[in-house]
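An overview of the molecular structure
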Amino acid sequence: METSTALGEYLRNRRARLRPEDAGLTPYPGRRRVPGLRREELALLAGVSVTYYTRLEQGHSANASDGVLDALARALRLSPDERAHLYDLARPSRARRATVQRPARVRPATRQLIDAMPQVPAFVLDRGNDVLAWNALGHALLAGHLDPTAPDRPADRPNLTRLLFLDPHTRELHTRWDEDARTAVAALRLAVGRHPEDRRLAQLVGELAIQSPEFAALWARHPVRDCAVGSKSLHHPLVGPLELDFESLPLSDGTTHRLLLYSAAPATPSAAALALLAATFEGSAPAAGSVGAAGGARIGGAAGGARIGG
């Protein structure tokens with residue numbers, strides 16, 4: 001995605017959300033041709049010239065100062081995540097040149113860590129939500145219909161965002177699908193802004209925009225939110241309803257990989273259901289790195305590595 005184009009789209013989207021009266025302005029008389037704030041009104045609120053703001057929105061004024069960006073963020077009433085995204089888009093000099101990316105690898109110690117937590121659904125994800133590794137309970141919770149060894153093969157790796165929009169099993173699993181879909185798109189927007197050089201992220205966005213009208217509609221709204229913690233409401237085909245909390249923890253190994261962990265509140269039906277699922281799938285995970293390992297119980301009987309997740 002061209003950074004200057006993305007910045008202009010973002011600014012236009014955000015000023016369209018605000019009415020003059022919301023910002024304490026008296027609307028210009030006459031019929032308004034655009035929703036939300038006009039460029040002149042936003043420039044006034046931010047304390048910059050209309051000419052400068054217009055050039056910024058058109059992508060012709062690179063390297064805006066921190067003061068200007070802060071003023072725009074205040075005028076647009078951006079959240080902390082939205083403000084950070086504005087900075088990412090306004091700093092094209094920070095964008096690294098796109099390069100051919102090698103398949104990500106998971107450190108053996110990280111695999112060992114998630115396998116040592118058999119009662120906790122655990123995943124290792126890259127910045128685009130590709131599953132680089134999962135433990136037995138993680139696989140059973142979110143993707144029991146997929147080949148458990150799929151994360152070992154870069155071409156077949158499941159992607160949690162792709163599954164959410166394109167895989168019917170995953171859609172049925174998420175009882176608050178609309179909410180989860182909005183969250184996933186907001187997190188992907190943030191990742192794309194932080195890593196404009198990442199071609200795989202751009203390819204993922206393009207694929208989903210073409211194949212999922214729901215994704216395309218959400219993407220056009222430019223949602224931005226860091227979703228490091230939250231809750232999920234699931235209806236699992238084996239153990240029924242689950243109300244789970246999740247945390248996404250960055251790994252301090254020089255990568256942008258992170259651990260995604262799920263848990264249930266103690267002494268709840270969800271905790272009992274999660275324990276039952278863990279007992280059902282105990283010992284079913286393939287050995288680390290065993291691409292050709294057999295076994296690994298599956299839910300739903302889907303064959304192979306389910307290319308939809310690759």
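Please read all numbers here as calculations on a predicted model, not as lab measurements.

**So, the overall build of the protein**
Summing up its helical and strand segments, the protein has 13 helices and 5 strands in all. A burial count over the protein gives 49% of its 310 residues as buried. Partitioning the intrachain contacts of the protein with sequence separation of at least 6 by distance along the chain shows that 60% fall at a separation of at least 24. About 15,100 Å² of surface is accessible on the protein, with carbon and sulfur atoms providing 53% of the total.

**A word on the environment of L137**
Following the sequence through the fold, L137 ends up in helix α7 (residues 136-143). Separated by 14 residues in sequence, L137 and F123 place their C-alpha atoms 9.5 Å apart. What L137 contacts, discounting residues up to four positions off in sequence, is P118, Q119, V120, P121, L274, L277 and A278.

**Digging into the sheet that holds strand β2 (residues 131-134)**
Within a sheet, each strand pairs with its neighbour through backbone hydrogen bonds, oriented either parallel or antiparallel. Judged by pairing direction, the sheet is antiparallel, and its 5 strands sit side by side in the order β2-β1-β5-β4-β3 without closing on themselves. The sheet is open, and its two borders are formed by β2 and β3 (229-236), each paired with just one other strand. Ignoring strand direction, the axes of neighbouring strands in this sheet form an average angle of 25 degrees. Taken together, the 3 bridges between strand β1 (residues 122-125) and β2 define a ladder with antiparallel strand orientation. Of the residues in β2, the one forming a bridge with V124 is A133.

**Section: the nonpolar core**
Of all hydrophobic cores here, the largest spans 28 residues; its most connected members are L7, L11, L42, Y53, L72 and L86. Residue contributions to this core peak at 6 residues, all from helix α4 (residues 66-75). Ignoring anything within four residues of it in the chain, the contact list for L72 reads L42, A46, Y53, L56 and L86. By size, the runner-up hydrophobic cluster in this structure holds 26 residues, among which are V131, L163, V239 and F281.

**A few points about the packing of aromatic side chains**
Applying the stated criterion across every chain, the model contains 6 aromatic pairs. Where F123 meets Y262, the ring centres are 6.2 Å apart and the plane angle is 75 degrees; that geometry is what we call edge-to-face. A residue pair is termed long-range when its members are at least 10 positions apart, and F123 in strand β1 and Y262 in strand β5 (residues 258-263) qualify at 139 residues. The class for F123 is buried, based on a relative accessible area of 0%. Taken together through their ring pairs, the aromatic side chains of F123, W134, F246 and Y262 make up a single cluster. Above the ring of W177, the side-chain terminus of R171 is found at 3.9 Å from the ring centroid. Here the guanidinium or amino end of R189 rests over the ring plane of W219, the centre of that ring lying 3.8 Å away.

**A look at the environment of P118**
Structurally, P118 is set in the loop between α6 (108-115) and β1. Take P118: its relative accessible area is 46%, and that puts it in the partly exposed class. When the C-alpha positions of P118 and A279 are compared, they lie 9.1 Å apart, and in sequence the two are 161 residues distant. Apart from residues no more than four positions distant in its own chain, P118 is found in contact with L137 and A278.

**Let's talk about helix α2 (residues 39-46)**
Taken as a whole, α2 has its buried residues at E41, L42, A43 and A46. G47 sits one or two residues past α2 and shows a positive phi near 75 degrees.

**As for the pattern of salt bridges**
Should their charged atoms come close, side chains of opposite charge can pair. Under the counting rule described, the total for this entry stands at 16 salt bridges. With its nearest N and O atoms 3.2 Å apart, the salt bridge here joins R83 to D70. Linking R83 in helix α5 (residues 80-89) with D70 in helix α4, this pair joins segments that are 13 residues apart in sequence. Look at D70 and you get partly exposed, because its relative accessible area is 24%.

Conventions adopted
Residues numbered from 1 in each chain as written. Predicted model: local features only at pLDDT ≥ 70, side-chain atom pairs only at ≥ 80, totals over all residues. Heavy atoms only, no water. Helix = DSSP H or I, 4+ residues; strand = E, 2+ residues; numbered from the N terminus. Buried < 20%, exposed > 50% of the residue type's maximum accessible area, 1.4 Å probe, protein only. Contact = heavy atoms within 4.5 Å. Areas by Shrake-Rupley, 256 points an atom, 1.4 Å probe, with all protein chains shown as cover. Pairing = 2+ DSSP bridges. Axes fitted to C-alpha atoms, helices over the stretch in contact; angles between N-to-C directions. Core = buried A, V, L, I, M, F, W, Y, C linked by side-chain atoms within 4.5 Å. Phe/Tyr/Trp six-rings, centres within 6.5 Å; stacked < 30°, edge-to-face > 60°. Lys NZ or Arg CZ within 6 Å of the ring centre and 35° of its normal. Salt bridge = Lys/Arg side-chain N within 4 Å of Asp/Glu carboxyl O.

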